[in-house]
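Tertiary structure, described
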Amino acid sequence: MLSFILALVLLAGCGNSAAPSASPSASPSASPSASASESAPAEESPSASGLEGKVVFWSMWSNTEPQAKVIEEAVAEFKANNPAVEVELKFNGRDINKLIKPALESGQQIDIFEQDPGAALANLKDHVLKLDDLLQQPSVGSEGKSVKDSLIPSLIEWVKTLSTEAGLEEGYYAIPQQPYAVLFFYNKALFEKAGITAAPTSWEEFLAACEALKQIGVDPITFDDAYRDLFIGGYFGSAMGSDWTDSLVKDKTGEMWKDQIVQQFANDMQLLREKGYLSKKIAGNKYPAGQQDLALGKAGMYLNGTWLPNEVAATAGPDFRWGSFQFPIVPNGNGQGGLEGLTFGAQGLLLNKNSKNVPAAFELVKYLVGKKAQQAMSDQALAIPATLDTEWPAPLAEAATAFGNAKVNMPWGNGIDNGGDFSTGTVIPVFMELATGKLSPDAYVDKMSAAAKKFYGG
């Protein structure tokens, strides 16, 4: 009798499940459905979503980081709505960069993984799944929008450009999340004290802001050894665009270093130094010395990535008022840079093309880049949300303007690092000689021209 009663209870419970659906985004029904129980046998309908099996997700975050907590919350919500799907979540930290390729090549089950999408498509192109059709599914949390349409357009289109660069068929192989951009970060309280009413957009306004900060006893600009490349790259990228900057550091003749814009850059660097706009510490600043000076109110502006407020939160304190702006427009350029060019990117969620459970895996991805999870990334991890119409963290609110301006994605350093050993061994060290007054502008131009010719001449 007891066995008979238990059997009836089990059958009644299974009767609540809907039949498998071609659209796995449906939520489980909260009440029994007679038609659902009649339309499919219980054993064929383990949950209302119709999804089942196992999904393995390798994350790039460590389990102690705030991003991990947000991911765990998204996974929990997914499992509540898809109870027949088992999720194995592994937080690898940054070690994922060296672990993921051998794991995929050995055939280990990994359905979803996180990585920089550019690096992933270049190194793992035999393992990534094209997502174009899947991206048309309804998003989670952005009503009436597909997954693709719920994301920041500049980000999702940037990911598409990476496919052809990697030698893949054009399309979407990663879903961007945790976006970042390179911007000037500044202390709003110091700007107000100096009488600066708006963030500078032109080089002339930038110089005026520097003078105002100097007058209140603050170093206007600082940087350290980890990010020196961003300043020289930012200047050339703003004036001439990243393609030109890439050509400059790869010019075998040395003649491009005699261009008038290089001379203008050298003159402007001398002006910044002579006016006292550059911190006197830049010659010896070791990371993170520069950003700590900004957080402590000793410097007014620092060129860095949007992860900066989170990195120095303990030093800056909760009352620090962050502002940000793009590298100002440098005059006399070729029109290929300006505010439409921006160094930005994102981490990416990718699917293994050999996954045996793509429907469930992509449904989990939809929760990870859903509006609720992305708002949590903003609130808990001070990260930029990848979804549209989502509130940005207060320290990064002004960065939204830069993403709105962006039409062209610039590489890191706007291409100044693309010369490999020439960039690291010559371009950046000689730039520091100029910035610290060891070279005059004319001597800088001559030295760089000769150095390029010598380096590429073998």
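Residues numbered from 1 in each chain as written. Predicted model: local features only at pLDDT ≥ 70, side-chain atom pairs only at ≥ 80, totals over all residues. Heavy atoms only, no water.

**Concerning the environment of Asp-116**
By secondary structure assignment, the location of Asp-116 is in the loop between strand E3 (112–115) and helix H5 (117–123). For Asp-116, a relative accessible area of 29% puts it in the partly exposed group. Counting along the chain gives 230 residues from Asp-116 to Ala-346, while the straight-line C-alpha distance between them is 6.8 Å. Contact partners of Asp-116, with chain neighbours within four places excluded, come to Ala-346 and Gln-347. In terms of polar contacts, Asp-116 uses its side chain to reach the backbone amide nitrogen of Gly-118, at 3.2 Å. (Helix = DSSP H or I, 4+ residues; strand = E, 2+ residues; numbered from the N terminus. Buried < 20%, exposed > 50% of the residue type's maximum accessible area, 1.4 Å probe, protein only. Contact = heavy atoms within 4.5 Å. Polar contact = N/O pair within 3.5 Å; in protein donor to acceptor, adjacent residues only side chain to side chain.)

**Notes on the packing of aromatic side chains**
With the rule as written, the count across this model stands at 32 aromatic pairs. With a centroid separation of 5.6 Å and 80° between ring planes, the pair formed by Phe-78 and Tyr-367 is classed as edge-to-face. Separated by 289 residues along the polypeptide, Phe-78 in helix H3 (residues 66–81) and Tyr-367 in helix H15 (residues 358–368) bring together distant segments of the chain. With a relative accessible area of 0%, Phe-78 lands in the buried category. Centre to centre, the rings of Tyr-227 and Tyr-302 are 6.5 Å apart; their planes meet at 75°, and the pair counts as edge-to-face. Residue Tyr-227 is located in the loop between strand E5 (219–222) and helix H9 (228–240), and its partner Tyr-302 is located in strand E6 (residues 299–305); the two are separated by 75 residues in the primary sequence. (Phe/Tyr/Trp six-rings, centres within 6.5 Å; stacked < 30°, edge-to-face > 60°.)

**Focus on unusual backbone geometry**
With an omega dihedral of 10°, the bond running from Tyr-287 to Pro-288 counts as a cis peptide bond. Counting through the fold element by element, Pro-288 comes out in the loop between helix H11 (260–274) and helix H12 (289–295). A positive phi angle, near 50°, is found at Leu-382, a position not held by glycine. Mapping Leu-382 onto the fold places it in the loop between helix H16 (371–381) and helix H17 (399–405). Classification of Leu-382 by relative accessible area gives partly exposed; the value is 27%.

**Here's the deal with the nonpolar core**
Core analysis: the biggest nonpolar cluster contains 141 residues, and Phe-113, Phe-236, Trp-257, Met-301, Leu-351 and Tyr-444 have the highest contact counts within it. Setting aside its immediate chain neighbours within four residues, Met-301 contacts Phe-184, Phe-185, Tyr-186, Phe-191, Phe-206, Cys-210, Leu-213, Pro-220, Ile-221, Thr-222, Leu-294 and Phe-325. (Core = buried A, V, L, I, M, F, W, Y, C linked by side-chain atoms within 4.5 Å.)

**Considerations on H11**
An ideal rise of 1.5 Å per residue puts 21 Å on 15 residues; H11 measures up with 21 Å between its terminal C-alpha atoms. Those residues of H11 that fall on the buried side of the exposure criterion are Ile-261, Val-262, Gln-264, Phe-265, Ala-266, Asp-268, Met-269 and Leu-272. Buried residues in H11 make contact with helix H8 (203–215), E5, H9, helix H10 (242–250), helix H18 (421–435) and helix H19 (441–456). Structurally, the start of H11 carries an N-cap: the backbone nitrogen of Ile-261 is 2.9 Å from a side-chain oxygen of Asp-259. (Expected span 1.5 Å × (residues − 1).)

**As for the pairing of strand E8 (residues 341–351)**
By the criterion of burial, E8 is predominantly enclosed, with 11 of the 11 residues buried. Note that E3 and E8 share 4 bridges and pair antiparallel. In the strand pairing of E8, Gln-115 is matched with Gly-348. Of the strand pairs in this sheet, strand E4 (residues 175–187) and E8 are connected by 5 bridges, and their pairing is antiparallel. (Pairing = 2+ DSSP bridges.)

**Digging into the packing of H3 against H16**
Contact pair H3 / H16: the axes reach a minimum separation of 9 Å and the direction vectors enclose 155°. In terms of orientation, H3 lies roughly antiparallel with respect to H16. The two elements H3 and H16 cross, and the hand of that crossing is right-handed. For the pair H3 and H16, the contacting residues are Pro-66, Gln-67, Lys-69, Val-70, Ile-71, Glu-73, Ala-74 and Glu-77 in the first and Lys-372, Ala-373, Ala-376, Met-377, Gln-380 and Ala-381 in the second. The residue makeup of the contact of H3 with H16, split by class, is 8 nonpolar, 2 polar and 4 charged. (Axes fitted to C-alpha atoms, helices over the stretch in contact; angles between N-to-C directions. Parallel < 35°, antiparallel > 145°, perpendicular 65-115°, else oblique. Left-handed = near helix turned anticlockwise from the far one by under 90°. Nonpolar A, V, L, I, M, F, W, Y, C, P; charged D, E, K, R; others polar.)

**A look at the environment of Ser-163**
Mapped onto the elements of the fold, Ser-163 is located in helix H6 (residues 153–165). For Ser-163, a relative accessible area of 0% translates into the label buried. The spacing of Ser-163 and Pro-117 is 46 residues in sequence and 9.4 Å in space, taken between C-alpha atoms. The residues touching Ser-163, leaving out its near neighbours within four places in the chain, are Leu-121, Leu-168, Glu-169, Glu-170, Gly-171 and Tyr-173.

**Re the pattern of salt bridges**
Side chains that differ in charge, positive against negative, can pair when their charged atoms come close. In this structure the tally under the stated criterion is 15 salt bridges. Residue Lys-54 is joined to Glu-88 by a salt bridge in which the shortest nitrogen-to-oxygen separation is 2.9 Å. You can see Lys-54 sitting in strand E1 (residues 53–59) and its partner Glu-88 sitting in strand E2 (residues 85–91), a full 34 residues away along the chain. Put simply, Glu-192 and Arg-321 hold a salt bridge, and the shortest N to O gap is 2.4 Å. Separated by 129 residues along the polypeptide, Glu-192 in helix H7 (residues 188–194) and Arg-321 in the loop between helix H14 (313–316) and strand E7 (322–325) bring together distant segments of the chain. (Salt bridge = Lys/Arg side-chain N within 4 Å of Asp/Glu carboxyl O.)

**Looking at the pairing of E1**
Among the 7 residues in E1, 5 count as buried, and that is most of the element. In this sheet, E2 lies alongside E1 in parallel orientation, the contact comprising 7 bridges. Directly across from Val-55, in E2, lies its bridge partner Val-87. Taken together, E1, H3 and E2 form a β-α-β motif whose crossover is right-handed. Bridge analysis of E1 against E3 gives 2 bridges, and the strand direction is parallel. Each residue of the ladder has a partner; that of Phe-57, found in E3, is Ile-112. (Right-handed = clockwise from strand over helix to strand, strands pointing away.)

**Examining the packing of H9 against H10**
At a closest axis distance of 7 Å, the pairing of H9 and H10 adopts a crossing angle of 125°. Taken together, the axis directions place H9 and H10 in an arrangement best described as oblique. Along its contact with H9, which presents Phe-236, Gly-237 and Met-240, the element H10 presents Ser-242, Trp-244, Thr-245 and Leu-248. A class-by-class count of the residues in the contact of H9 with H10 yields 4 nonpolar, 3 polar and no charged.

Geometric descriptors of this kind do not, in isolation, establish any biological role.
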